[in-house]
Amino acid sequence: RHYWLTLPIAIAGLLPLSSSTHWGVSLSLFWFLAAATTLGIQLAVHRHFAQSIAPTWLTCIQLAMTGLLGTLLSLLTEQWPEAGVSHGIWGWFAASVLIATTLRYWLLTHALSKMTTAHAALMMLLEPVWTLLLSTLFYSEPLGAAKLAGAGLVLGALVLYQLPLLLRSRMLKPAR
């Protein structure tokens, strides 16, 4: 119940974080909605299998499938350079896949095995907040009132979601 009460607040916060300078419906908005829906389904399935498969194996299976499908789609739809790709590029690509992507997916899988799907979905809402903070820090992106309000709404939704759970856990603890 807490999830469904706080979800509209989080969505209201995502709107100013994901919008550009104008409001309107565009094809990119539908792609974003499709990606978010797919991510939600993936989280639920991932969470289900994270209970019974070790995080390392689940990470290997997921990344292998993603790599195979991505490579197949790339070969079918993209133009590869005729001169080939330099060894330096392949080195950076391997470092990106092996260090950043694999570590992130392993941490996600391990964390999903320890939490509920609703909790994981709300925690994933922090991604645009981190993106906003890091883009402000590294790229000097201006931080307007709308973006601050959006980040505040997302964080507020997370606090409101956690508050009843915290209160309930404190009431269940025995007095010392």
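Rules behind the numbers
Residues numbered from 1 in each chain as written. Predicted model: local features only at pLDDT ≥ 70, side-chain atom pairs only at ≥ 80, totals over all residues. Heavy atoms only, no water. Helix = DSSP H or I, 4+ residues; strand = E, 2+ residues; numbered from the N terminus. Buried < 20%, exposed > 50% of the residue type's maximum accessible area, 1.4 Å probe, protein only. Contact = heavy atoms within 4.5 Å. Areas by Shrake-Rupley, 256 points an atom, 1.4 Å probe, with all protein chains shown as cover. Expected span 1.5 Å × (residues − 1). Bend = angle between axes of the 7 residues up to and from the residue. Salt bridge = Lys/Arg side-chain N within 4 Å of Asp/Glu carboxyl O. Axes fitted to C-alpha atoms, helices over the stretch in contact; angles between N-to-C directions. Parallel < 35°, antiparallel > 145°, perpendicular 65-115°, else oblique. Left-handed = near helix turned anticlockwise from the far one by under 90°. Nonpolar A, V, L, I, M, F, W, Y, C, P; charged D, E, K, R; others polar. Patch = residues over 30% accessible without salt bridge, like charges linked within 9 Å, V, L, I, M, F, W, Y side chains within 5 Å.

Peer 1: Got a minute to help me understand the overall build of the protein chain in this structure?
Peer 2: Counting its regular elements, the protein chain contains 7 helices and 0 strands. Shown N-terminal to C-terminal, the secondary structure of the protein chain runs as helices and strands in the order α-α-α-α-α-α-α. The 176 residues of the protein chain split such that 20% are buried. Contacts in the protein chain between residues far apart in sequence, at least 24 positions, make up 81% of those at least 6 positions apart. A total accessible area of about 13200 Å² is found for the protein chain, and carbon and sulfur atoms account for 74% of it.

Peer 1: Before we go on, may I ask you to explain helix α3 (residues 55-77) in this structure?
Peer 2: An α-helical turn contains 3.6 residues, so any two residues separated by three or four positions project in the same direction. The end-to-end C-alpha distance of α3 is 32 Å, a good match for the 33 Å that 23 residues give at a rise of 1.5 Å each. Those residues of α3 lying buried are Pro55, Leu58, Thr59, Gln62 and Ser74.

Peer 1: Looking at this structure, I do not really get helix α1 (residues 2-18). What am I missing?
Peer 2: Taking 1.5 Å as the rise per residue, α1 with 17 residues should run 24 Å; its terminal C-alpha atoms sit 24 Å apart, in good agreement. Within α1, the axis deviates most sharply at proline 8, by approximately 25 degrees. Taken as a whole, α1 has its buried residues at Tyr3, Thr6, Leu7, Ala10, Gly13, Leu14, Pro16 and Leu17.

Peer 1: Explain the pattern of salt bridges here, please?
Peer 2: Between side chains of opposite charge, a pair can form as their charged atoms come close. Following the criterion strictly, the structure yields 1 salt bridge and no others. Note that lysine 147 is salt-bridged to glutamate 141, the shortest N-O span being 2.4 Å. Owing to a relative accessible area of 21%, lysine 147 belongs among the partly exposed residues under this scheme.

Peer 1: Teacher, can you tell me more about the packing of α3 against helix α4 (residues 87-112) here?
Peer 2: Each pair of packed helices can be summarised by the angle the axes make with each other and by the distance between the axes. Orientation of α3 relative to α4, taken along the N-to-C sense of each, is 130 degrees, at an axis distance of 9 Å. Accordingly, the angle class assigned to the pair α3 and α4 is oblique. The hand of the α3/α4 crossing is right-handed. When α3 is examined against α4, the residues Pro55, Thr56, Leu58, Thr59, Gln62 and Leu63 are found in contact with a partner set consisting of Thr101, Thr102, Tyr105, Trp106, Thr109 and His110. Class assignment for the residues of the contact of α3 with α4 results in 5 nonpolar, 7 polar and no charged.

Peer 1: Whenever I open this one, a nonpolar patch on the surface confuses me. Can you help?
Peer 2: On the surface, a nonpolar cluster with roughly 900 Å² of combined accessible area is contributed by Leu75, Trp80, Val85, Ile89, Trp90, Phe93, Val97, Leu98 and Ile99. Here the element with the most residues in the nonpolar patch is α4; it accounts for 6 residues. Locating valine 97 in the fold gives a position in helix α4.

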